[in-house]
Amino acid sequence: MEPTFVHLHNHSEYSILDGCLKVQDLVGAAYEQHMPAVAITDHGNIFGAVQFFKQAKARGVKPILGCEVYVAPGSRFDKKPGAVDDVHHYHLILLVKDDAGYRNLCRLVTQSYLEGFYYRPRIDKELLARHAGGLIGLSACLKGEVPVWLSRGLPEKAEEAAREYAAIFGPGDFYIELMDHGLAAQKAVNPQLVAIARKLDLPLVATNDIHFARREDAESQDVLVCIQTNRKISDPDRLKFSTDQFYFKSAAEMSDLFRETPDAVENTGKIAARCAFDFPTKAYNLPKFAPPEGTELRDYFEEVAWAGFRARMSARLPDVEGGGASHSIGEYEDRMKREIKLIEQMGFEGYFLIVWDLLKAAREKGIPVGPGRGSAAGSLLAYALEITEIDPIEYDLLFERFLNPERISLPDIDMDF
């Protein structure tokens, strides 16, 4: 009986112009080959995460979220060109174990674009160390730091890097990754990777760095790489995959490839069992609005709402007192109380305060904002908070088109800046 094998290093169509593997085909291949789980580890992003989770769960395959991140050789803030053979970044696989790991992966990916972008979105070891909780690290392909040093004939540097990553991730959470696509460089490096793993008591894991579903898809993937690098297929010196082995191999094929290191195959199933993250599906995940210190959210919401209401109504007092108004202040107060009560029942106080805060900040900075549109124009509260500029009572607009207690759904406020 073959050991349970799970593919943990896979590039979908969201590895832009590099992965020739649709999410549905990745999930379908795992399902057809009776694999209990499969991972997605696109280059520098998790764009396909939600689609991947939905499709995997629909087929009864356990989804494992991950990412192949780029690690700067020094600081992520260092963006000066060096020598021709300098490495701009190393590869590293991150797999999410739990909710904390998902939050940390999101932070790492975000900062890789905002702070570390140089050729690629990069993190560094300082940032990784701060956000390694809930994550499993794999040493990646030939472009991972450990294999790079080995391929340069510097085993001491490779061992130092492996120790460093092991310390960052903690006991049992950093794996030395083995691949075999028939490449001479892999044949040379793999025995050394095994030696480092045994010496440092680090676990091994076997992967196939999948970029396409079937062996015959190698040609399509080659075209993608040409588009990415702006080269022609006929160019003799262009970047290309030198084998057609980056496809979704069966458990039997992987077991045969790594028959000398069966623990590397077995560990794929063990890693899959440890990854238990799932997207929540039944609750709203709204940003948290932080009211002033010592103030409850609901109290602050009512304070801001009624202050805005009084400011709006003060402009109407001359009409009311002169008898020119078609609606009394009492009607406005009753409508306001009704809207506030419903919004509090639905738990959307923070949502309204966030929108109010965004528009208020825009006006303070001199950024023009629109008068509001859509169903939100039917809300007197939105008018009071200056989210909209339309008096819904004057124009007989229905609040229930915007929020309805019979059909509880998120409010939809359109903002134009």
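Above this text you will find the structure in question.
Owing to the predicted nature of the structure, the values given are computational and were not obtained by experimental measurement.

Reading guide: rules and limits
Residues numbered from 1 in each chain as written. Predicted model: local features only at pLDDT ≥ 70, side-chain atom pairs only at ≥ 80, totals over all residues. Heavy atoms only, no water. Helix = DSSP H or I, 4+ residues; strand = E, 2+ residues; numbered from the N terminus. Rg over C-alpha atoms; globule rule 2.2 N^0.38 Å. Buried < 20%, exposed > 50% of the residue type's maximum accessible area, 1.4 Å probe, protein only. Contact = heavy atoms within 4.5 Å. Areas by Shrake-Rupley, 256 points an atom, 1.4 Å probe, with all protein chains shown as cover. Lys, Arg positive; Asp, Glu negative; His and termini not counted. Charge placed at Lys NZ, Arg CZ, Asp CG, Glu CD. Polar contact = N/O pair within 3.5 Å; in protein donor to acceptor, adjacent residues only side chain to side chain. Salt bridge = Lys/Arg side-chain N within 4 Å of Asp/Glu carboxyl O. Patch = residues over 30% accessible without salt bridge, like charges linked within 9 Å, V, L, I, M, F, W, Y side chains within 5 Å. Pairing = 2+ DSSP bridges. Right-handed = clockwise from strand over helix to strand, strands pointing away. Expected span 1.5 Å × (residues − 1). Axes fitted to C-alpha atoms, helices over the stretch in contact; angles between N-to-C directions. Parallel < 35°, antiparallel > 145°, perpendicular 65-115°, else oblique. Left-handed = near helix turned anticlockwise from the far one by under 90°. Nonpolar A, V, L, I, M, F, W, Y, C, P; charged D, E, K, R; others polar. Core = buried A, V, L, I, M, F, W, Y, C linked by side-chain atoms within 4.5 Å.

Asks: Got a minute to help me understand the overall build of the chain in this structure?
Replies: Of the regular secondary structure elements, the chain holds 15 helices and seven strands. For the chain, whose C-alpha radius of gyration is 28 Å, the value lies well above the compact-globule estimate of 22 Å for 417 residues. Its C-alpha atoms put the chain at 90 × 50 × 50 Å along the principal axes. Residues counted as buried form 50% of the 417 residues belonging to the chain. Contacts spanning at least 24 positions in sequence make up 77% of the contacts within the chain whose residues lie at least 6 apart. Accessible surface computed for the chain: about 20600 Å², of which carbon and sulfur atoms make up 52%. For the chain, the centre of its 48 positive side-chain charges and the centre of its 63 negative side-chain charges are spaced 3 Å apart.

Asks: Looking at this model, I keep getting lost on the side chain of Glu-339. Mind explaining?
Replies: As for its position among the elements, Glu-339 is in helix α13 (residues 329–346). Judged by relative accessible area, Glu-339 falls into the buried class, the value being 0%. A distance of 2.9 Å separates a polar side-chain atom of Glu-339 from the backbone nitrogen of Leu-381. Not counting residues up to four positions away in its chain, the partners in contact with Glu-339 are Gly-378, Ser-379, Leu-380, Leu-381 and Phe-399.

Asks: Where do I start with the pattern of salt bridges in this structure?
Replies: Scanning the model with the defined rule gives 26 salt bridges in all. Between Arg-76 and Asp-124 there is a salt bridge; the shortest N-O distance is 3.0 Å. Placement of the pair is Arg-76 in the loop between β2 (62–71) and β3 (90–96) and Asp-124 in the loop between β4 (122–123) and α4 (125–130), with a sequence separation of 48 residues. Both residues of the pair, Arg-76 and Asp-124, count as buried. Linking Lys-187 and Asp-180 is a salt bridge whose minimum nitrogen-to-oxygen distance equals 3.2 Å. Judged by relative accessible area, which is 12%, Asp-180 ranks as buried. Via salt bridges that share partners, Arg-76, Glu-115, Asp-124, Glu-126 and Arg-130 belong to a single interconnected network.

Asks: What am I meant to see in a nonpolar patch on the surface here?
Replies: On the surface, a nonpolar cluster with roughly 870 Å² of combined accessible area is contributed by Ile-16, Leu-17, Phe-47, Tyr-113, Leu-114, Phe-117, Val-223, Ile-227 and Ile-233. Residue assignment for the nonpolar patch shows that the elements contributing at least two residues are α3 (99–114) and α8 (218–229). By the secondary structure assignment, Phe-47 is in the loop between β1 (37–43) and α2 (49–58). Judged by relative accessible area, Phe-47 falls into the exposed class, the value being 53%.

Asks: Help me out: how do you make sense of the pairing of β1 in this one?
Replies: Put simply, side chains in a regular strand alternate between the two faces of the sheet. By the criterion of burial, β1 is predominantly enclosed, with seven of the seven residues buried. Here β1 shows no split at all, with Ala-37, Ala-39, Thr-41 and His-43 on one side and Val-38, Ile-40 and Asp-42 on the other all buried. The pairing of β1 with β2 spans seven bridges and is parallel. Considered in β2, the bridge of Ile-40 is made with Leu-65. Following the backbone out of β1, through α2 and into the adjacent parallel β2, one traces a crossover that is right-handed.

Asks: I tried to follow helix α11 (residues 297–314) on my own but got confused; where do I start?
Replies: The α-helix winds at 3.6 residues per turn, so residues separated by three or four positions along the chain end up facing the same way. End to end, α11 covers 26 Å across 18 residues, agreeing with the expected 26 Å (1.5 Å per residue, within 8%). Taken residue by residue, α11 has Tyr-300, Phe-301, Val-304, Ala-305, Gly-308, Phe-309, Arg-312 and Met-313 as its buried positions.

Asks: What should I look at first to understand the side chain of Asn-45 in this one?
Replies: With respect to the helices and strands, the residue Asn-45 is situated in the loop between β1 and α2. In contact with Asn-45, other than residues within four places in its own chain, are Tyr-14, Cys-67, Val-109 and Tyr-113.

Asks: I would appreciate a short explanation of α13 in the present structure.
Replies: For α13, spanning 18 residues, the distance from its first C-alpha to its last is 26 Å, which sits close to the expected 26 Å at 1.5 Å a residue. Of all the positions in α13, only Ile-329, Tyr-332, Arg-335, Met-336, Glu-339, Ile-340, Leu-342, Ile-343, Glu-344 and Met-346 are classed as buried. At the C-terminal side of α13, Gly-347 shows a positive phi close to 75°.

Asks: Is there a simple way to think about the packing of α11 against α13 in this case?
Replies: Across the interface, α11 lies against α13 with an axial gap of 12 Å and an inter-helix angle of 155°. With respect to their mutual orientation, α11 and α13 come out roughly antiparallel. As α11 packs across α13, the resulting crossing turns out to be right-handed. In this structure, α11 uses Arg-298, Phe-301, Glu-302, Ala-305, Trp-306, Phe-309 and Met-313 to contact α13, whose residues at the interface are Ile-329, Tyr-332, Glu-333, Met-336, Lys-337, Ile-340, Ile-343 and Glu-344. Of the residues in the contact of α11 with α13, the class split is ten nonpolar, no polar and five charged.

Asks: Would you mind going over the nonpolar core with me for this structure?
Replies: For soluble globular proteins, nonpolar side chains are generally found buried alongside one another. Within the largest apolar cluster, 65 residues are counted, with the highest numbers of intra-cluster contacts made by Leu-65, Leu-92, Leu-94, Leu-105, Leu-128 and Phe-169. Per-element accounting of this core gives the leading share, seven residues, to helix α6 (residues 155–169). If near-sequence neighbours (up to four positions away) are discounted, Leu-128 is found in contact with Leu-92, Leu-94, Leu-108, Ile-123, Tyr-165, Ile-168 and Phe-169. Formed by 34 residues, the second largest nonpolar core is a distinct cluster that contains Met-313, Met-336, Tyr-383 and Ile-393.

Asks: When you look at the pairing of β3 in this model, what are you seeing that I'm missing?
Replies: Counting buried positions along β3 gives seven out of seven residues, so the element sits mostly inside the fold. What you see with β3 is no split at all: Tyr-90, Leu-92, Leu-94 and Val-96 on one side and His-91, Ile-93 and Leu-95 on the other are buried throughout. Pairing between β2 and β3: six bridges, direction antiparallel. For Cys-67, the partnering residue across the bridge sits in β3 and is Leu-94.

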